[in-house]
Structure formats: C-alpha cells, structure tokens
Amino acid sequence: MAAAGAEAQRVWCVPCLVSLDTLQELCRQEKLTCKSMGVTKRNLSKYEVEYLCDYKVEKDMEYYLVKWKGWPDSTNTWEPLQNLKCPLLLQQFYNDKHNYSSQVKKGKVIMPKDNNKTLKPAVAEYIVKKAKQRLALQRWQEELNRRKTHKGMILVENTVDLQGPPLDFFYINEYKPAPGISLVNEVTFGCSCTDCFLEKCCPAEAGVLFAYNKKQQIRIPPGTPIYECNSRCQCGPDCPNRIVQKGTQYSLCIFRTSNGRGWGVKTLVKIKKMSFVMEYVGECDPNLQVFNVFIDNLDTRLPRIALFSTRTINAGEELTFDYQMKGSGDISSDSLDHSPAKKRVRTVCKCGAVTCRGYLN
C-alpha cells in the first residue's frame, strides 16, 4: 500500500494519440465536460460559435461556415448572417481576411479577385489556421498565468505569422540548477532589524552597500552583489530589502518578433528607471542591467540573476539585456573568451540597436 500510495502521488504525462475531434465526441457521448477541450456545461447540449471558417452568398443571402465550440469539425454548418450573434468573431473574421490580403500584396503575389460570393480556398484556409492559432495561444496564456507566482499578468501575442506556442518553452518561477549542482537554501543567520534602512542589515554583514533606495530602485553600480533579507530575518514581507524575492510587479507580454528573432518579451506598463523588472531563472542598446542577488542561498558561485531597468521603459517596449552579462560580477580574465574570432562559433544578434556588437557571444 505504501508503494502504491507513493506511486499515486507522482504526475505522469504521456502524449495522446487520439484527435481532438474524437475526444470531443467521446465527451459528449458520455456527457462529460472538459474545459481544456472546450466541452463545458454551457455547450454540452447547446451550440456556441467558436470561430468562423468560410463565407458565401447564395440567393442574395450571406452565409458563414461555423465551427461550434466543443464540437468536432465534422459538425460545422453554414449559418445565415442573421442567425449569428457574435459581432466580435465576425470582426475577427474580416480582420484576418484583410491581414491575409495585406500579406499577399507585400509578397507581390497576384491573386485572382474575389467574386464577392465566395472566398478563395487559400483565404479560408488562412482564416481557420489563424483562428486555431489564436485559441492555442489563449490556452498557453491561461497556463502561464496559472503557473506564475508573481503579481503581474502575462499576455501572449502573435501578429506576425501562424506560429503557435513554442514547444520547447517551460515557464518556471525558481532557478533550475543543472544536473550535479546542489543549491543549499538554508541560511544560518539573518538580521533582527526593526528598520532595515537604518540598522546593520544583511548587506552590511556581507560587507556591501544596501542595494535599494526608499523608492525601491537600485542604487548600487553594476557588478556589486545584492544581499537581500532572507528566511531567517526577523523583518516582515514589507521590508525594503525584499525586492527581487517578490517577483515582477509588472504585466508583461510574450510576443512573436517580426525580424526572425523568435519570441520576445515586452512590458505592458511604464517602468521607471533603476526598477527591478524580473528575475532571470533560465537553465542590446539593452534597457536591462544584470545584478547578482543573494537571499537564502549565500554561495557566491550560484547567485540569482535579477534584471533592473537602466532607463525609463515605455509600455509596449521590448525588454532586452546584454547576453554577455557584463556587470554581473564575473569579469575575471579566466571568464573571458580570448580565442580567435574566426575559430569561434558566433551567434548573430538581431536586436537592431545602433550600439549592438553584432553577436551574442
């Protein structure tokens, strides 16, 4: 029983070989609901428009091919415009149709003119792919916001191509050490301050300056480590020396870049200069600066990596930082690559900044 109980606590993930259409049909047959497949109590026995697939005119009456939410494609039906109560989906349909036409013009491909009674198959195919992509990105966005532990919201946007969520992207809230690396998160001491600004706090014990001012902005130069209060400290969660550990306070957008750089991140709100933006927890003219941060783990070889704004960042602006991370503290001669450039495999940078070195490495 003990072994079975331990086994039951594990989470196993296996790929499903059954199509979405088949799974939706099985749910309806058994009268089961599944939010991730679009089968809800609301549409278990009723029909709700998920997206519009095609358009035609017959006997002066406009019809749209409707994909019903939670129902397989085999149940799509042509419905007269007067029966549709979905103005947003209709607007989306025409926006996608217009975007396709714009892309065709940019590519200088001459398409035969629509006869205004039917859509060309290529146009209808694009509209369906765009609708499916939009749903996939929406599901990914919901998953990201379920996983996050910080205050700000995460939005997902792709107005560039038909690419869906990246398959090799995994959202994490904490640092993931490489195999063989052990993080010791048990500190042996902490401060007993009642006012960490005025008393001898953790930074002073470590022999460095207090990192923040009263506006929670970074005030130390790049290359200086940050020692925040930790789990042993007697100060509370509102302590002015607990900034990075609270996570980002800003709403961010993961978006598809238009110049082949893949996915990027931009802010949805204005960020003041020298403010903490986010933590780099992975396994250019940049607007973010890297700082080493120590909280519960005081091993100087394994800092947490925090990104602070170097200037005011406007809403909608992409967030960028120097991949060589100068200023993060490790600038010894041993850490620099002195090998001849022609013998090194170099990665071209596509940030587009005037001061860009041209390469990430």
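Residues numbered from 1 in each chain as written. Predicted model: local features only at pLDDT ≥ 70, side-chain atom pairs only at ≥ 80, totals over all residues. Heavy atoms only, no water.

(A) Broad picture of the overall build of the chain. The secondary structure content of the chain amounts to 5 helices and 10 strands. Approximately 23100 Å² of the chain is accessible, and the part contributed by carbon and sulfur atoms is 54%. (Helix = DSSP H or I, 4+ residues; strand = E, 2+ residues; numbered from the N terminus. Areas by Shrake-Rupley, 256 points an atom, 1.4 Å probe, with all protein chains shown as cover.)

(B) Fine view of the pairing of strand β10 (residues 304-309). Counting buried positions along β10 gives 5 out of 6 residues, so the element sits mostly inside the fold. Looking at chain direction, strand β8 (residues 276-280) and β10 are connected through 4 bridges and run antiparallel. By the bridge assignment for β10, Phe276 is matched with Phe308. Inspection of the sheet shows strand β9 (residues 288-294) paired to β10 by 6 bridges, in the antiparallel sense. Among the inter-strand pairings, Leu288 is bridged to a residue of β10, identified as Ser309. (Buried < 20%, exposed > 50% of the residue type's maximum accessible area, 1.4 Å probe, protein only. Pairing = 2+ DSSP bridges.)

(C) Up close: the sheet that holds strand β1 (residues 49-58). Taking strand neighbours across the sheet as the criterion, the 3 strands line up as β1-β2-β3 in an open arrangement whose pairing is antiparallel. The open sheet has two free edges, formed respectively by β1 and β3 (77-80), since each of these has just one partner strand. Between one strand axis and the next, the sheet turns through 35 degrees on average, direction left out of account. Judged from the 4 bridges that link them, strand β2 (residues 61-68) and β3 form a sheet pairing that is antiparallel. Across the sheet, residue Tyr64 finds its bridge partner in β3, namely Glu79. (Axes fitted to C-alpha atoms, helices over the stretch in contact; angles between N-to-C directions.)

(D) How the structure looks around the side chain of Lys56. Tracing the backbone through its elements, the reader meets Lys56 in strand β1. By relative accessible area, Lys56 is classed as buried at 18%. Looking at Lys56, its side chain comes within polar contact range of the side chain of Glu58, at 3.1 Å. (Polar contact = N/O pair within 3.5 Å; in protein donor to acceptor, adjacent residues only side chain to side chain.)

(E) The environment of Pro240, seen in detail. Summarising the element assignment, Pro240 is placed in the loop between β5 (226-227) and β6 (252-256). For Pro240 and Phe210, which are 30 residues apart along the polypeptide, the C-alpha to C-alpha distance reads 9.9 Å. Residues contacting Pro240, with those up to four places away along its chain left out, are Cys196, Phe197, Phe210 and Tyr212. (Contact = heavy atoms within 4.5 Å.)

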